[in-house]
Amino acid sequence: HQETQVDYRAFDPNGEVFARDSFVFPRVRIFFNGRATKQWEYMFSINKGFGDLNILDAWLNWHPSDAFQVRVGRYMTPFNYEQYAVQNMWLLTPERSLFTSNLGLNRMLGAQVWGNVW
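**Details of the pairing of strand β2 (residues 22-35)**
- With seven bridges joining them, strand β1 (residues 2-9) and β2 adopt antiparallel strand pairing. Residue pairing in the sheet places E3 in a bridge with R29 of β2.
- Bridge analysis of β2 against strand β3 (residues 40-49) gives nine bridges, and the strand direction is antiparallel. Of the residues in β3, the one forming a bridge with R35 is E41.
- If you look at the hairpin formed by β2 and β3, you'll find four residues sitting between the two strands.

Structure follows, in structure tokens:
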């Protein structure tokens, strides 16, 4: 799936000479996720904004049971609950709080053992 943010920027015609009305795409994200086998899940996502193309997530998850799973790669840390509790599609704009975006742990390389025990 994909998420795209589109902005229209309109400027005062009597203002700056170099400022032009335009549509811009500050964020375009493409996600590839699924199962390679019954026990192996994957996710790969890329982001294109005003800058370069970069990788958001790239991980493999071994899922032998719901109670025991192992994830390895680059993904969002589990300590930042706002990213899990509030989906991007529920937000009026795709911007998050200052803590979530700049101060908290966001995406990191690593491995984690996790699952739903009860």
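Next comes the rest of the description.
**Topic: the environment of K38**
- Inspection of the secondary structure puts K38 in the loop between β2 and β3.
- When the C-alpha positions of K38 and H63 are compared, they lie 8.1 Å apart, and in sequence the two are 25 residues distant.

**Some thoughts on the pattern of salt bridges**
- Inspection of every chain in the model, using the stated rule, returns two salt bridges.
- The salt bridge partner of E41 is R35, with a shortest N-O separation of 3.1 Å.
- On the basis of relative accessibility, which here comes to 14%, the residue E41 falls in the buried class.
- A salt bridge links R107 to D57; the shortest N-O distance between them is 2.9 Å. Here R107 is found in strand β6 (residues 107-114), whereas its partner D57 is found in strand β4 (residues 53-65), with 50 residues between them in sequence.
- Judged by its relative accessible area of 5%, D57 is buried.

The rules behind each value
Within every chain, residues take consecutive numbers counted from 1 along the sequence as written. Totals for whole chains, interfaces and linings use all residues, but because this is a predicted model, local features are given only for residues with pLDDT of at least 70 and pairs of side-chain atoms are given and counted only at 80 or more. Side-chain numbers here rest on the full set of heavy atoms in the structure, without hydrogens or water. Two strands form a pair only when DSSP identifies at least two bridges running between them. Helix and strand definitions here come from DSSP, where helices need a minimum of 4 consecutive H or I residues and strands a minimum of 2 consecutive E residues; each element is numbered from the N-terminal end. Salt bridge criterion: a side-chain nitrogen from Lys or Arg within 4 Å of a carboxyl oxygen from Asp or Glu. When a residue's accessible area, from a 1.4 Å probe over protein chains only, is under 20% of the maximum for its type it is buried; when over 50% it is exposed; and in between it is partly exposed.

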